[in-house]
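Below, each chain spelled out in residue letters.
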Amino acid sequence: MPTFETRKTKNGDKRIRAVIRLSGFKPKRRTFKTMEKARKWAIKKEAEMLDGRAGLSSQAEHRTAGEMIDRYLEKVLPFKSKKKKYPRQVRQRLTWWKEQIGKYTLANLTKSIIIEKREQLAGMMSPASVNCYLSAISTVFVTAIEEWEWLSVSPMVGVKRMKAGKGRTRYLDDKERPSYLEAAKMENRKPLFIIAVLCISCGARKEEITAMPLKNVDVERGTATATETKNNEPKTFFFTGLALELLRAYVEQNKTFRRRYLFSNRTGEKPILIDREHRRACKRAGIQDLHFHDLRHTHASYLAKYE
């Protein structure tokens, strides 16, 4: 229940201070000239706090979700991860959220609005992708609560994640593998064939190979250490047989090209992109529904088959 205190100014004028104390919230106070105004404010503010929409201060009433997202993108995201792909993905997701909820003040941003946007996302992408979008904005709310004190309760509380599927089990079978690799060989402008063989042979993710620092490749020992990994921990791969032969030949053929990565683009400063070439090779080989990441599944399937 709100409490009211009668106070006097230096001029002797009477003032009414309304004080609201609720568990889980910092006390809220405001002074009015009349008891009527103090009671109206206290009733309204207490209802908002109980509804989970009030901030720790007037910040929630004056700050918009767009301001919150912008501050996170500028002050927090650049320092969250060393992986280059991570900030790009999060920025894309938060840009979508800003377009959808950016005009709302934080005090008026409710759970029902977030759920409405969740359903909108569900009509556009897979459940796993929807959950990534929810996680991105949830992290921003947590930062706004714990570090900036713009909010006391996140509107994400009680918003359920989508039930994701079991994941893909697609991989190249013994008949598809030769067809795909032959089609990959026909991509002369970019080394799709070599990259595909390396991924199949060691089970690496695409970015772990394409963003492999050249200095981390030892063709004599047949090892390469990736730094662009999912958990940000360095990972060393070992190559033998055809994969090692191709790797040695590629390094030798390109030894005069000054580049940062093993598979760099034309400038030598960024990793190569091969998604378009992969799709073209699949079409040429008559293979459907094969993501490049499925080559990693192919490696796992061979291990399970021959162990």
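Reading guide: rules and limits
- Residues numbered from 1 in each chain as written.
- Predicted model: local features only at pLDDT ≥ 70, side-chain atom pairs only at ≥ 80, totals over all residues.
- Heavy atoms only, no water.
- Pairing = 2+ DSSP bridges.
- Helix = DSSP H or I, 4+ residues; strand = E, 2+ residues; numbered from the N terminus.
- Buried < 20%, exposed > 50% of the residue type's maximum accessible area, 1.4 Å probe, protein only.
- Polar contact = N/O pair within 3.5 Å; in protein donor to acceptor, adjacent residues only side chain to side chain.
- Core = buried A, V, L, I, M, F, W, Y, C linked by side-chain atoms within 4.5 Å.
- pLDDT = per-residue confidence, 0-100.
- Contact = heavy atoms within 4.5 Å.
- Axes fitted to C-alpha atoms, helices over the stretch in contact; angles between N-to-C directions.
- Parallel < 35°, antiparallel > 145°, perpendicular 65-115°, else oblique.
- Left-handed = near helix turned anticlockwise from the far one by under 90°.
- Arc of directions from axis to C-beta.
- Salt bridge = Lys/Arg side-chain N within 4 Å of Asp/Glu carboxyl O.

A. Structural view of the sheet that holds strand β5 (residues 223-226). In space, the 3 strands of this open sheet follow the order β4-β5-β6, with antiparallel pairing throughout. The sheet is open, and its two borders are formed by β4 (217-218) and β6 (235-238), each paired with just one other strand. Taken together, the 2 bridges between β4 and β5 define a ladder with antiparallel strand orientation. By the bridge assignment, Val-217 is partnered in β5 with Ala-224.

B. Here's a closer look at the side chain of Asn-131. Within the secondary structure layout, Asn-131 lies in helix α6 (residues 127-146). In this structure Asn-131 comes out as buried when scored by relative accessible area, which is 15%. Polar side-chain contacts of Asn-131 include one of 2.7 Å to the backbone nitrogen of Met-162.

C. Representation of the nonpolar core within the structure. In this structure, Tyr-180, Ile-209, Phe-239 and Phe-263 are the most contacted members of the largest nonpolar core, which totals 40 residues. Of all the secondary-structure elements, those providing two or more residues to this core are α7 (176-185), α8 (192-202), β5, α10 (241-253) and α11 (275-285). Here this core takes 10 residues from α8, the largest share from any one element. Core analysis: the second largest hydrophobic core is formed by 32 residues, Ala-65, Leu-73, Ile-101 and Val-159 among them.

D. Broad picture of the pairing of strand β1 (residues 3-8). Pairing of β1 with strand β2 (residues 14-20) involves 6 bridges; the strand directions are antiparallel. Bridge pairing in β2 places Glu-5 opposite Arg-17. Between the antiparallel neighbours β1 and β2 lie 5 residues, among them Gly-12 with a positive phi of about 90°.

E. Region of the structure containing the confidence of the model for the protein. This prediction gives the protein a mean pLDDT of 87; 91% of its residues lie at or above 70. Element-level pLDDT for the protein is lowest in helix α12 (residues 294-306), with a mean of 71, against a maximum mean of 96 in helix α3 (residues 65-75). Low confidence marks residues 53-57, where pLDDT is under 50. Its contacts with residues over four positions away, or in another chain, come to 24 contacts.

F. Structural context of the packing of α3 against helix α4 (residues 85-101). Relative to each other, α3 and α4 sit at 165°, their axes nearing to 9 Å. Taken as axis vectors, α3 and α4 run roughly antiparallel relative to one another. Seen from above, α3 lies across α4 with left-handed handedness. Contacts between α3 and α4 pair Ala-65, Gly-66, Ile-69, Asp-70, Tyr-72 and Leu-73 from the former with Arg-91, Leu-94, Trp-97, Lys-98 and Ile-101 from the latter.

G. The arrangement of α7 in detail. For α7, the complete set of buried residues consists of Glu-176, Tyr-180, Leu-181, Ala-183 and Ala-184. Considered in projection along α7, the buried side chains sweep an arc of 160° and stay on one side of the axis.

H. Inspection of the pattern of salt bridges at higher detail. Counted by the stated rule, this structure contains 18 salt bridges. The partner of Glu-182 in a salt bridge is Lys-185, and the shortest N-O contact between them spans 3.6 Å. Of this pair, Glu-182 and Lys-185 both sit in helix α7, 3 residues apart, which is roughly one turn of that helix. Judged by relative accessible area, which is 47%, Glu-182 ranks as partly exposed. Judged by its relative accessible area of 44%, Lys-185 is partly exposed. Overlapping salt bridges bring together Glu-187, Lys-190, Glu-277, Arg-280 and Arg-284 as one network.

I. Representation of the sheet that holds strand β3 (residues 28-32) within the structure. Strand order in the open sheet made by the 3 strands is β1-β2-β3, with antiparallel pairing throughout. Single-partner strands in this sheet number two, and they are β1 and β3. When the angles between neighbouring strand axes are averaged without regard to direction, this sheet yields 25°.

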